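# Coordinate analysis (summary)
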Amino acid sequence: MNSVTCPAFPREGRIAASLQEPSLGANLSIQPVAACPAPAPASGEDVLSVLARLLAADIEACNRTIVARMDSPVALIPQLAAHIVAAGGKRLRPLLTLACARLCGYREGARHIKLAACVEFIHTATLLHDDVVDESQLRRGLASANAVFGNKASVLVGDFLFARAFQLMVEDGSLKVLEILSRAAATIAEGEVLQLVTQNDLSTDYARYLDVIKGKTAALFEAGCQVGAIVAEKPEAEAALAAYGMSLGIAFQLVDDALDYSADQATLGKTVGDDFREGKMTLPVLLALDAADAEERAFWERTIEQLDQTEADLDRALTLIDRHDATRRTLDRARGFAEAAKEALAVFPDSELRDCLRDIADYTVARIR
């Protein structure tokens, strides 16, 4: 395996850090690459920690960029942004951007650093907006930003982070990067609106549901991975990495939707049953509804379609979902997409980084939060 010297990056920051798979080319001219020299994984170390360690210099530089670009003379902006950052996100999306650039042999320069920060800003902005739309009170086990600072401040700081993301895109100077990431930002908004349209609608089918999660979640995974190939000037790798990101993102959201009906609230870090209370048409409900008898269908019509719910209804929903094995079947679908993500990486030569990205797909469907 070839070793790569991670570039040194200037220290930045004025504030403290608080599916169908597309056809893939068979012959990619991509050399195996190690992101940075790293010791062997510690016993029991999870794959995200391994990936962060492999990309230690890169993710540190990305974090410095995030902190610096959150800064503003308007004190509420860095204060609120730091609140959600401090909640302990895994930085999965920027890690994927950094890893995909290194996988494609990107050795010199810092373009991938700014673009990874850009991807994280888009993601964080959507979290702020989503929590307002969903009236969420918890995010990663802590009070959500809207619960602490109010809806107006959360929406406006989300807008600020979107603007920062576009500044970073423009600074990169690539029209193709701008096209991919700006299209992803628009697709995310479309996915969220489509979810709003399908909410409380029992006629929603699997294809429509898949459109929702491709838009609101998988599109950013796809774009973040694809731009890794662009900064490395490996156009032949774009389709493979886009396919990896899309399949991984779908798997990720399927697991999220399953956890909302199966996880312990303290472990999950957000309120269990929120999707049910909001009448969202997620796959566990679709599967339970598809197998429902007349009495069960009447229950879903009352609770999801009409949002006429009592305190006992969530337990009843969990019973029906368990009766029809809907959580396991949702996780089985997620595993299928995780396997598709792993297959997309088969065009790359064997390397520790490629193996780590494959392990990320397995981690996505095995996680509990």
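Whatever comes next refers back to the structure up there.
The rules behind these values
- Residues numbered from 1 in each chain as written.
- Predicted model: local features only at pLDDT ≥ 70, side-chain atom pairs only at ≥ 80, totals over all residues.
- Heavy atoms only, no water.
- Helix = DSSP H or I, 4+ residues; strand = E, 2+ residues; numbered from the N terminus.
- Areas by Shrake-Rupley, 256 points an atom, 1.4 Å probe, with all protein chains shown as cover.
- Buried < 20%, exposed > 50% of the residue type's maximum accessible area, 1.4 Å probe, protein only.
- Phe/Tyr/Trp six-rings, centres within 6.5 Å; stacked < 30°, edge-to-face > 60°.
- Lys NZ or Arg CZ within 6 Å of the ring centre and 35° of its normal.
- 1 Å grid on protein atoms, 1.4 Å probe; cavity = no way out; pocket = protein on both sides within 12 Å on 5 of 7 lines; lining within 4 Å.
- Points joined across faces, edges and corners; volume = space filled by probe spheres on them.
- Nonpolar A, V, L, I, M, F, W, Y, C, P; charged D, E, K, R; others polar.
- Contact = heavy atoms within 4.5 Å.
- Polar contact = N/O pair within 3.5 Å; in protein donor to acceptor, adjacent residues only side chain to side chain.
- Core = buried A, V, L, I, M, F, W, Y, C linked by side-chain atoms within 4.5 Å.
- Expected span 1.5 Å × (residues − 1).
- Bend = angle between axes of the 7 residues up to and from the residue.
- Axes fitted to C-alpha atoms, helices over the stretch in contact; angles between N-to-C directions.
- Parallel < 35°, antiparallel > 145°, perpendicular 65-115°, else oblique.
- Left-handed = near helix turned anticlockwise from the far one by under 90°.
- Salt bridge = Lys/Arg side-chain N within 4 Å of Asp/Glu carboxyl O.

Let us now look at the overall build of the protein chain. Counting its secondary structure elements, the protein chain contains 17 helices and two strands. Counting every atom, the protein chain has about 15300 Å² of accessible surface; 52% of that belongs to carbon and sulfur.

With that settled, the discussion passes to helix α13 (residues 283-290). Extensive coverage of α13 is indicated by the burial of seven of its eight residues. Leu283, Pro284, Val285, Leu286, Leu287, Ala288 and Leu289 are the residues of α13 that are buried.

Within a pair of aromatic rings, the relevant descriptors are the distance that separates the centres and the angle that separates the planes. The tally for this structure, following the rule as stated, stands at five aromatic pairs. Centroid distance tyrosine 206 to tyrosine 209: 6.4 Å. Interplanar angle 40°. Geometry classified as tilted. Here the residue tyrosine 206 and the residue tyrosine 209 both occupy positions in helix α9 (residues 206-231), the gap between them amounting to three residues, near one helical turn. Grouped by ring-pair contacts, the aromatic residues Phe276, Phe299 and Trp300 constitute a single cluster. Here the basic side chain of arginine 316 rests over the ring of phenylalanine 299, its NZ or CZ set 5.9 Å away from the ring centre.

For the rest of this paragraph, the subject is empty space enclosed by the protein. Of the voids in this model, the largest cavity is the one considered here, and its volume is about 70 Å³. Listed by contribution, the elements that provide at least two residues to the lining of the largest cavity are α8 (175-198) and α9. Tallying contributions element by element places α9 first for the lining of the largest cavity, with four residues. Partitioned by chemical class, the residues of the lining of the largest cavity number four nonpolar, four polar and three charged.

Following the sequence through the fold, aspartate 274 ends up in helix α12 (residues 274-278). Among the residues examined, aspartate 274 registers a relative accessible area of 17% and is labelled buried. Look past the residues within four positions of aspartate 274 in its chain and what remains in contact with it is Ser136 and Asp260.

Structurally, the position occupied by arginine 323 is in helix α15 (residues 313-323). Residue classification places arginine 323 among the partly exposed positions, given a relative accessible area of 48%. Considered as a pair, arginine 323 and alanine 291 are 32 residues apart in the sequence and their alpha carbons are 9.6 Å apart. Dropping the residues within four chain positions of it, arginine 323 is found in contact with Glu296 and Arg316. A polar atom in the side chain of arginine 323 sits 2.5 Å from the side chain of glutamate 296.

On to the nonpolar core. In terms of nonpolar packing, the biggest core is built from 110 residues, with Leu96, Leu181, Leu241, Tyr244, Trp300, Phe348 and Ile360 touching the most fellow members. Other than its neighbours up to four places away in sequence, isoleucine 360 contacts Val47, Leu48, Leu51, Leu92, Leu96, Tyr244 and Leu248.

Below, the discussion takes up the environment of leucine 76. Residue placement: leucine 76 occurs in helix α3 (residues 76-86). Judged by its relative accessible area of 36%, leucine 76 is partly exposed. In this structure, the C-alpha to C-alpha distance between leucine 76 and valine 157, residues 81 residues apart in sequence, is 8.5 Å. Discounting residues that sit within four places of it in the chain, leucine 76 has contacts with Phe149 and Ala153.

The next subject is unusual backbone geometry. Its identity as a non-glycine residue notwithstanding, leucine 307 has a phi of 55°, on the positive side. When you line up the elements, leucine 307 lands in the loop between α14 (294-305) and α15. One non-glycine residue, aspartate 325, lies in the positive phi region at around 55°. Within the element layout of this structure, aspartate 325 appears in the loop between α15 and α16 (326-344).

Moving on to α9. Along its 26 residues, α9 runs 35 Å from first to last C-alpha, staying within 8% of the 38 Å computed at 1.5 Å per residue. For α9, the principal kink sits at alanine 218 and spans about 55°. Directly beyond the C-terminal end of α9, a positive phi value near 55° is found at glutamate 233.

A pair of packed helices can be characterised by two numbers: the angle between their axes and the separation between those axes. Where helix α10 (residues 238-259) meets helix α17 (residues 352-366), the closest approach of the two axes is 8 Å, and the angle between their N-to-C directions is 20°. As judged from the angle between their axes, α10 and α17 are roughly parallel. Seen from above, α10 lies across α17 with left-handed handedness. Seen from α10, the contacting residues are Tyr244, Leu248, Ala251, Phe252 and Val255; seen from α17, they are Leu357, Ile360, Ala361, Thr364 and Val365. Among the residues making up the contact of α10 with α17, the classes are represented as nine nonpolar, one polar and no charged.

Before going further, it helps to spend a moment on the pattern of salt bridges. The final tally for this structure, using the stated rule, is 22 salt bridges. Note that glutamate 171 and lysine 114 form a salt bridge whose closest N and O atoms lie 2.9 Å from each other. Note that glutamate 171 is positioned in helix α7 (residues 151-172) and lysine 114 in helix α5 (residues 111-134), a separation of 57 residues in sequence. Between glutamate 301 and arginine 297 there is a salt bridge, with its nearest N and O atoms 3.5 Å apart. Within this pair, glutamate 301 and its partner arginine 297 are both found in helix α14, separated by four residues, close to a single helical turn. Given the relative accessible area of 30%, glutamate 301 is considered partly exposed.

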